[in-house]
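Chain by chain, the residues:
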Amino acid sequence: MNSNQLQHQVLYMRRSLFDQGYLDSEQLIQLEDLQDDANPNFVEEVVSLFYSDSARLIQNIEQTLSNRPVDFSRLDDILHQFKGSCSSIGAKKVKDACSQFREYCNAGNAEGCSRSFQLIKQEYETLRRRLESYFQMVKQAKAA
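Residues numbered from 1 in each chain as written. Predicted model: local features only at pLDDT ≥ 70, side-chain atom pairs only at ≥ 80, totals over all residues. Heavy atoms only, no water.

In the annotation of an unreviewed UniProt entry, the chain is listed under the name Histidine-containing phosphotransfer protein and assigned to Citrus unshiu. Heading Function (unreviewed entry) of the UniProt record for the chain holds this comment: "Functions as a two-component phosphorelay mediators between cytokinin sensor histidine kinases and response regulators (B-type ARRs). Plays an important role in propagating cytokinin signal transduction." (UniProt positions renumbered as here; feature names shortened; annotations may be inferred.)

Right, here's the structure in full:
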């Protein structure tokens, strides 16, 4: 692909992340505004930090869900952190799934929490794959 085609593909991928509800456009634009020549990979670095932190939080959720009795207060605290992390990069679908999970926590519904957690992991992995592809395409477009 030539440079123009790559740029077009980057814009298309970015728009699809917004249109399909994976990312909040306003939040991503705010992050992009912080990116400059001194830190040209700022957005990718922030997303990478999100994934590092999220992996830890997901592991904590899994551990807490496996304990009996389920500590719903602890789950809610972890979900609050995770939801905040999602908001920081605009991970809209994951954040929405966290909100649903927290409702089940507040209701003391372990089964609902488990189902919601599966949705969180699914949305999280989908977003991770989509963003990896997007950032790879951005790098190719910059190199062209």
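*Asks:* I keep staring at helix α5 (residues 92-107) and nothing clicks. Help me out?
*Replies:* An α-helical turn contains 3.6 residues, so any two residues separated by three or four positions project in the same direction. With 16 residues, α5 extends 23 Å between its outermost C-alpha atoms, agreeing within 8% with the 22 Å of an ideal straight helix rising 1.5 Å per residue. All of the buried residues along α5 are Val94, Ala97, Cys98, Phe101 and Cys105. Seen along its axis, α5 keeps its buried residues to an arc of 105°; they face one direction. Across from the buried face of α5, at angles greater than 90 degrees, the exposed residues are Glu103, Asn106 and Ala107. The elements touched by buried residues of α5 are α3 (42-66), α4 (72-89) and α6 (110-143). Gly108, located one to two residues past α5, shows a positive phi value of around 70°. (Helix = DSSP H or I, 4+ residues; strand = E, 2+ residues; numbered from the N terminus. Expected span 1.5 Å × (residues − 1). Buried < 20%, exposed > 50% of the residue type's maximum accessible area, 1.4 Å probe, protein only. Arc of directions from axis to C-beta. Contact = heavy atoms within 4.5 Å.)

*Asks:* Got a minute to help me understand the packing of α4 against α5 in this structure?
*Replies:* At a minimum axis distance of 9 Å, the contact between α4 and α5 shows a crossing angle of 165°. By the angle between their directions, the pair α4 and α5 is classed as roughly antiparallel. Crossing handedness for the pair α4 and α5: left-handed. Facing Phe72, Leu75, Asp76, Leu79, His80, Phe82, Lys83, Cys86 and Ser87 of α4, the residues of α5 in contact are Val94, Lys95, Cys98, Ser99, Phe101, Arg102, Cys105 and Asn106. (Axes fitted to C-alpha atoms, helices over the stretch in contact; angles between N-to-C directions. Parallel < 35°, antiparallel > 145°, perpendicular 65-115°, else oblique. Left-handed = near helix turned anticlockwise from the far one by under 90°.)

*Asks:* Got a minute to help me understand the nonpolar core in this structure?
*Replies:* Across soluble globular proteins, nonpolar side chains have a tendency to be buried as a group. Ranked by internal contacts, the top residues of the largest apolar core, which has 42 residues, are Ile61, Phe82, Val94, Phe101 and Leu127. For this core, the leading source of residues is α6, giving eleven residues. Ignoring any residue separated from it by four or fewer positions in sequence, one finds Phe101 in contact with Ile61, Leu65, Leu75, Leu79, Cys113, Ser116, Phe117 and Ile120. (Core = buried A, V, L, I, M, F, W, Y, C linked by side-chain atoms within 4.5 Å.)

*Asks:* Any chance you could explain the pattern of salt bridges here in plain terms?
*Replies:* Should the charged atoms of two oppositely charged side chains come close, the side chains can pair. Under the defined criterion, the tally for this structure stands at nine salt bridges. Linking Lys121 and Glu62 is a salt bridge whose minimum nitrogen-to-oxygen distance equals 3.3 Å. Here Glu62 lies in helix α3 and Lys121 lies in helix α6, a separation of 59 residues in the sequence. In this structure, the salt-bridge partner of Arg115 is Glu111, at a minimum N-O distance of 3.6 Å. (Salt bridge = Lys/Arg side-chain N within 4 Å of Asp/Glu carboxyl O.)

*Asks:* Would you mind showing me how to read the environment of Phe117 here?
*Replies:* Topologically, Phe117 is positioned in helix α6. Of the residues examined, Phe117 reaches a relative accessible area of 3% and is grouped as buried. C-alpha of Phe117 to C-alpha of Leu127: the two residues are ten residues apart in sequence and 15 Å apart in space. In contact with Phe117, not counting residues within four places along its chain, are Ile58, Ile61, Glu62, Leu65 and Phe101.

*Asks:* Which parts of the structure should I look at to understand the layout of surface pockets?
*Replies:* If a probe as big as a water molecule is rolled over the atoms, it shows which places are left empty. Computed from the structure, the largest pocket encloses a volume of approximately 270 Å³. Counting residues per element, the lining of the largest pocket draws most heavily on α6, at six residues. A breakdown of the residues in the lining of the largest pocket according to their chemical character gives nine nonpolar, three polar and five charged. Reported here for the second largest pocket is a volume of approximately 160 Å³. If you list the elements that add at least two residues to the lining of the second largest pocket, you get α3 and α6. Grouping the amino acids of the lining of the second largest pocket by side-chain chemistry returns four nonpolar, two polar and four charged. (1 Å grid on protein atoms, 1.4 Å probe; cavity = no way out; pocket = protein on both sides within 12 Å on 5 of 7 lines; lining within 4 Å. Points joined across faces, edges and corners; volume = space filled by probe spheres on them. Nonpolar A, V, L, I, M, F, W, Y, C, P; charged D, E, K, R; others polar.)

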